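Observations on the model geometry
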Amino acid sequence: MFFSFLFFFIIGCALSQTKYTLYYLIRRGKRRLTYFSIISEQYFLAIIMTTLLFFFIICGGFFYPQEFYNLNFLDFVGWYFRYLLGLFLLSSLSSNFYISNNIIFHRYCFFIVFLLLAFETIILFPTIDTFFARKIYLLFSWTFNSEPESIIILLSVICLLNLRIYFFSNKRDVL
């Protein structure tokens, strides 16, 4: 269910990013403000999508009340914040690809990040777990980890990605 919402989140982020064209960046003056307005719009969309996802989970829980009412409230809130931080990570990483000088990364930033997410969570993480009997969390797999340190690691990676955007966003040659 998360990956179906992820598809709609990526489409919404890509559509919100289309208004920031080359001419918009030149007329606005400061690219750093533009990139952080893109990220803030994507974060707002992530909050809406995660809240909608968990609203549907709660509504679906009314059909199976015996399993739903046995859930721990703190676990449910932890899931919410991990999924929210997973979407924040996706938008921050795609924004880092968006400010890149490589035209392939710039144009296909969401597609590349989605492929990275799918490769890590669907192929790489289960393969490492099966063959080596180890759980090695790389980037997006921290979203699906139920340990409390996963939230701290996700927050630190998001902060590092946003710091990279802050320091390298004005150095990109727009023309």
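Residues numbered from 1 in each chain as written. Predicted model: local features only at pLDDT ≥ 70, side-chain atom pairs only at ≥ 80, totals over all residues. Heavy atoms only, no water.

1. Notes on the packing of aromatic side chains
What counts, and what does not: What counts as a ring pair is set by centres within 6.5 Å for rings of Phe, Tyr and Trp (its six-membered ring), and what kind of pair is set by the plane angle: stacked under 30 degrees, edge-to-face over 60, tilted for all other angles.
Taken as a whole and judged by the stated rule, the model has 16 aromatic pairs. When the centroid spacing of 5.7 Å and the interplanar angle of 65 degrees are considered together, the rings of F7 and F8 count as edge-to-face. Members of the aromatic cluster, each reached through a chain of ring pairs, are F54, F76, W79, Y80, F81, Y83 and F144.

2. Regarding the nonpolar core
For the record, the criterion: We define the nonpolar core as a collection of buried residues of types Ala, Val, Leu, Ile, Met, Phe, Trp, Tyr and Cys that are connected through side-chain atoms lying within 4.5 Å of one another. For every residue, the accessible area (1.4 Å probe, protein chains only) is compared with the maximum for its type, and the residue is labelled buried under 20%, exposed over 50%, or partly exposed between those bounds. Here a helix means four or more residues in a row that DSSP labels H or I, a strand means two or more in a row labelled E, and each is numbered from the N terminus. Any two residues having at least one pair of non-hydrogen atoms within 4.5 Å are treated as being in contact.
Core analysis: the biggest nonpolar cluster contains 39 residues, and L6, F9, L87, F88, L90 and F140 have the highest contact counts within it. Listing elements by their share of this core, those giving two or more residues are α1 (2-17), α3 (31-61), α5 (73-98), α7 (109-132) and α8 (149-168). The element contributing the most residues to this core is α5, with 12 residues. The contact partners of F88, leaving out residues within four places of it in the chain, are Y43, A46, I47 and I158.

3. Some thoughts on the state of the cysteines
Heads up, the condition is: When two cysteine sulfur atoms are found within 2.5 Å, that pair is recorded as a disulfide.
According to the stated counting rule, one finds zero disulfides in the structure shown. There is no disulfide at C109, and the cysteine sulfur nearest it, in C13, is 9.3 Å away.

4. A short note on the packing of α5 against α8
So the rule is basically this: Inter-axis angles, ranging from 0 to 180 degrees, are taken between N-to-C directions of lines fitted to C-alpha atoms, where helices are fitted over the stretch in contact. When an angle is under 35 degrees it counts as roughly parallel; over 145 it counts as roughly antiparallel; between 65 and 115 it counts as roughly perpendicular; any other value is oblique. With the far helix as reference, a near helix turned anticlockwise by less than a right angle produces a left-handed crossing, and one turned clockwise produces a right-handed crossing. The nonpolar class holds Ala, Val, Leu, Ile, Met, Phe, Trp, Tyr, Cys and Pro. Asp, Glu, Lys and Arg form the charged class, and all remaining residues, Gly among them, are polar.
Between α5 and α8, the shortest axis-to-axis distance is 9 Å and the interhelical angle comes to 20 degrees. Considering their axes alone, α5 and α8 lie roughly parallel with respect to each other. Read as a crossing pair, α5 and α8 show a hand that is left-handed. Residues G78, F81, R82, L85, F88, L89, S92, L93, S95 and N96 of α5 lie in contact with α8, whose contacting residues are S150, I151, L154, L155, V157, I158, L161, N162, R164 and I165. The residue inventory of the contact of α5 with α8, partitioned by class, reads 12 nonpolar, six polar and two charged.

5. So, the side chain of N96
Note the following rule: Any pair of N or O atoms that falls within 3.5 Å is considered a polar contact. Within protein, one atom must be able to donate a hydrogen and the other to accept it, and sequence-neighbouring residues count only if both atoms are side-chain atoms.
With respect to the secondary-structure elements, N96 resides in helix α5. The class of N96 is buried, set by a relative accessible area of 6%. One polar contact links the side chain of N96 to the main-chain carbonyl oxygen of S92, over a distance of 2.9 Å.

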